[in-house]
Amino acid sequence: MSELNKIVLTGIQPTGMPHLGNYVGALKTAIERTNTNKTFMFIADLHALNSVHDAKTIREHTYQAAAIMIALGANLDNTVLFRQSDIPEIYQLNTLLMNLTPKGLMNRAHSYKAAMDKNIANGDDVDAGINMGLYTYPILMTADILLYNTDIVPVGADQKQHVEFARDIAGYFNHMYGEVFKLPTPVIGQETGIIPGLDGRKMSKSYDNTIPLMLPEKDLKKKIMRIITDSKLPEDPKNPDESTIFQLYKHFATESEIAEFAEMFRRGGMGYGTAKTILFDKINSFLAGPRAEYERLMANTDEIERILQNGAAKAQPVAAGTIARVKKLMLG
Ligand code: ADP
Ligand code: TRP
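Residues numbered from 1 in each chain as written. Chains lettered and ligands numbered in written order. Predicted model: local features only at pLDDT ≥ 70, side-chain atom pairs only at ≥ 80, totals over all residues. Heavy atoms only, no water.

**What to know about the domain arrangement of the protein**
Applied cut-off: Those domain boundaries reflect an automatic or database domain assignment. Contacts were defined at the residue level, with two residues in contact if any of their heavy atoms lie within 4.5 Å. Summed over both partners, the accessible area (1.4 Å probe) lost when two parts come together is defined as the buried area.
Looking at the assigned domains, one finds that the protein contains domain 1 (3-195 + 301-331) and domain 2 (214-292). Relative placement of domain 1 and domain 2: their C-alpha centres are 33 Å apart. Opposite the nine residues of domain 1 that make contact, domain 2 presents eight residues. Summed over both sides, the interface between domain 1 and domain 2 buries roughly 790 Å², with carbon and sulfur atoms accounting for 84% of that surface.

Quick look at the structure:
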């Protein structure tokens, strides 16, 4: 099959304002794909339910996530943008796939293991705070992927295992009932690796060290100025590869700008304050246009809702086709 005919699908959890790490690690590749391929892009509100139990927050974050994808350039001519929970067939496929999924597969999921490890480290009961939504998260994600006949799933590196589970589960189904599902392939943003946060650890909402994508300019500057650095003096030569400032700059600058900035680190003579100002200017000029569009959309959530409903109207018949085939095979 030609690359351009492949169906792309990706989901974003509405668990808070996406940050630069989400953008570089996951969203960017998905958005780029919308220029060339038919793309299903949805806000995974059912997945967010395993950690967020306030409906108003989920709704608000759903609009934020949708507005961000549009503002950052998702091409709406090729993109079916919708809310996961608006398609009733997702609940059905999730239930049907439960019965083919070995419990042992879920035991191996990184996200579940990480939650257990945290409990053990804290001296808590191993299953404390872990609900079945978290435990069966990969089955729902498999249902998302298989419902829309997906070929390609652009995701961040930590989601790769989930897409591999989707391949496994599709394989079990096909083996038992006949070749129905395509086997999806994960696509990871080109060797971006892990984007560091303000404190140098992985940028993550759970570490409270993020640079959110859509902040007023003044707040973006304040955040960037808070990046933790070592105690080298302005005149000291510095290793760009050890600097969070440089690691972030790399993803927003051209090859020649990157080489020049690296040289300024190595040569010495540039203080961290100056380096942060250069980083701020770069990120701010990238985000200025999207920020204006984001703010316009968030002041018109009716428009976002219309786009999501329009997406749901296109996604639902595809989902219904899949469910009809699967139910016939599984239930007669
Ligand atoms: P968070 O850790 O902030 O809760 P999520 O787990 O919701 O982020 O991640 C959403 C997507 O963004 C995933 O596909 C993940 O791989 C990607 N991602 C998150 N943080 C980073 C990071 N620091 N560097 C690269 N990719 C990231
Ligand atoms: N689990 C993904 C994340 O946390 C979000 C997601 C839900 C998803 N369903 C999906 C991504 C299907 C790709 C395909 O980032």
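Having seen it, we continue.
**Remarks on helix H8 (residues 137-147)**
This is how the line gets drawn: For every residue, the accessible area obtained with a 1.4 Å probe (protein chains only) is divided by the maximum for its type, and the residue is called buried under 20%, exposed over 50%, and partly exposed between those limits. A run of H or I in DSSP counts as a helix once it spans at least four residues, and a run of E counts as a strand once it spans at least two, with each numbered from the N terminus.
Counting buried residues in H8 gives eleven out of eleven residues, a clear majority hidden from the surface. Residues Tyr137, Pro138, Ile139, Leu140, Met141, Thr142, Ala143, Asp144, Ile145, Leu146 and Leu147 constitute the buried set of H8. Asn149 lies just past H8 and shows a positive phi near 55 degrees.

**Points about the packing of aromatic side chains**
Formally: Each aromatic pair joins two rings of Phe, Tyr and Trp (for Trp, the six-membered one) with centres within 6.5 Å, and gets the label stacked for planes under 30 degrees apart, edge-to-face for over 60, and tilted for any other angle. Look at NZ for Lys and CZ for Arg. If either is within 6 Å of the ring centre and within 35 degrees of the ring normal, a charge sits over the ring.
Summed over the entire model, instances satisfying the criterion amount to 13 aromatic pairs. Geometrically, the ring pair formed by Phe261 and Phe265 is edge-to-face, given 5.1 Å between the ring centres and 90 degrees between the ring planes. One end of the pair, Phe261, and the other, Phe265, are both in helix H12 (residues 255-267), four residues apart, so they sit about a helical turn from each other. Neither Phe261 nor Phe265 differs from the other in exposure class; each is buried. Here the basic side chain of Arg201 rests over the ring of Tyr207, its NZ or CZ set 4.1 Å away from the ring centre.

**A closer look at the site of ligand 2**
For clarity, the cut-off: Residues are labelled near a given molecule or strand when at least one of their non-hydrogen atoms is within 4 Å of it. Here a polar contact is recorded for every N or O atom pair within 3.5 Å, except that within protein the pair must consist of a potential hydrogen donor and a potential acceptor, and residues adjacent in sequence are included only if both atoms are side-chain atoms. Per-residue and other accessible areas follow the Shrake-Rupley method at a 1.4 Å probe size, with only the shown protein chains counted as cover for residues. In this count, Pro and Cys sit with the nonpolar residues alongside Ala, Val, Leu, Ile, Met, Phe, Trp and Tyr, while Asp, Glu, Lys and Arg are called charged and the others, Gly among them, polar.
As a matter of local geometry, ligand 2 sits amid 14 residues, with Gln13, His47, Tyr137, Asp144 and Gln159 nearest to it. In this structure, Asp144 approaches ligand 2 through a side-chain N or O atom, which is 2.8 Å from a nitrogen atom. Here Gln159 contributes a side-chain N or O atom positioned 2.9 Å from a nitrogen atom of ligand 2. Considering ligand 2 on its own, with 370 Å² of exposed area, one finds that the protein chains cover 90% of that surface. Of all the secondary-structure elements, those providing two or more residues to the shell around ligand 2 are strand E1 (8-12), H8 and strand E4 (152-155). The element that contributes the greatest number of residues to the shell around ligand 2 is H8, accounting for four residues. In terms of residue class, the shell around ligand 2 is built from eight nonpolar, five polar and one charged.

**Some points on the site of ligand 1**
Around ligand 1, the structure places 16 residues, and the nearest of them are His19, Asp158, Ile195, Ser204 and Lys205. Within the backbone of Met203, a nitrogen or oxygen atom sits 2.9 Å from a nitrogen atom of ligand 1.

**Brief notes about the pairing of strand E2 (residues 39-43)**
Successive side chains on a regular strand alternate, one facing one side of the sheet and the next facing the other. Note the following rule: When DSSP finds at least two bridges between two strands, those strands are taken to pair. Whether a crossover is right-handed depends on one test, that the path from the first strand over the helix to the second runs clockwise when the strands point away from the viewer.
Most of E2 is tucked away, with five of its five residues classed as buried. Where burial is concerned, the two faces of E2 agree: the one with Thr39, Met41 and Ile43 and the one with Phe40 and Phe42 are both buried. Inspection of the sheet shows E1 paired to E2 by five bridges, in the parallel sense. Within E2, the residue paired with Ile12 across the bridge is Ile43. Following the backbone out of E1, through helix H1 (residues 20-33) and into the adjacent parallel E2, one traces a crossover that is right-handed.

**So, the pairing of strand E5 (residues 185-188)**
As paired strands, E4 and E5 are joined by four bridges and run parallel to one another. What sits directly across from Pro154, in E5, is Val187. Considered for its hand, the β-α-β crossover made up of E4, helix H9 (residues 160-177) and E5 is right-handed.

**Some remarks on H12**
Rules: Here, expected helix span is obtained from the residue count minus one, scaled by 1.5 Å. The arc in question is the one spanned by the directions pointing from the helix axis to the C-beta atoms.
In this model H12 runs 18 Å from its N-terminal to its C-terminal C-alpha over 13 residues, within 8% of the 18 Å that 1.5 Å per residue would give. Here H12 has its buried residues at Ile258, Phe261, Ala262 and Phe265. Looking down the long axis of H12, one finds its buried residues gathered within 100 degrees of arc, a one-sided arrangement. More than 90 degrees from the buried face of H12, the exposed residues found are Ser256, Glu260 and Arg267.

**Describing unusual backbone geometry**
The backbone of Asn149 shows a phi angle near 55 degrees, a positive value even though the residue is not glycine. Tracing the sequence through the fold places Asn149 in the loop between H8 and E4. One non-glycine residue, Asp208, adopts positive backbone phi at about 55 degrees. In this structure, Asp208 sits in the loop between E5 and helix H10 (217-225). Asp208 sits in the exposed class, given a relative accessible area of 69%.

**Remarks on the pattern of salt bridges**
Just so we agree on the cut-off: Every case where a carboxyl oxygen of Asp or Glu lies within 4 Å of a side-chain nitrogen of Lys or Arg is listed as a salt bridge.
Scanning the entire structure with this criterion turns up 16 salt bridges. For Glu305, the salt bridge identified is with Arg83, shortest N-O distance 2.9 Å. Taken as a pair, Glu305 in helix H14 (residues 301-331) and Arg83 in strand E3 (residues 79-83) lie far apart in primary sequence, 222 residues in all. In terms of burial, Glu305 and Arg83 fall into one category: buried. Across the salt bridge formed by Glu303 and Arg296, the nearest N and O atoms sit 3.1 Å from each other. For Glu303, a relative accessible area of 22% translates into the label partly exposed. In the salt-bridge network here, residues are joined through shared partners; they are Arg59, Arg83, Asp86 and Glu305.

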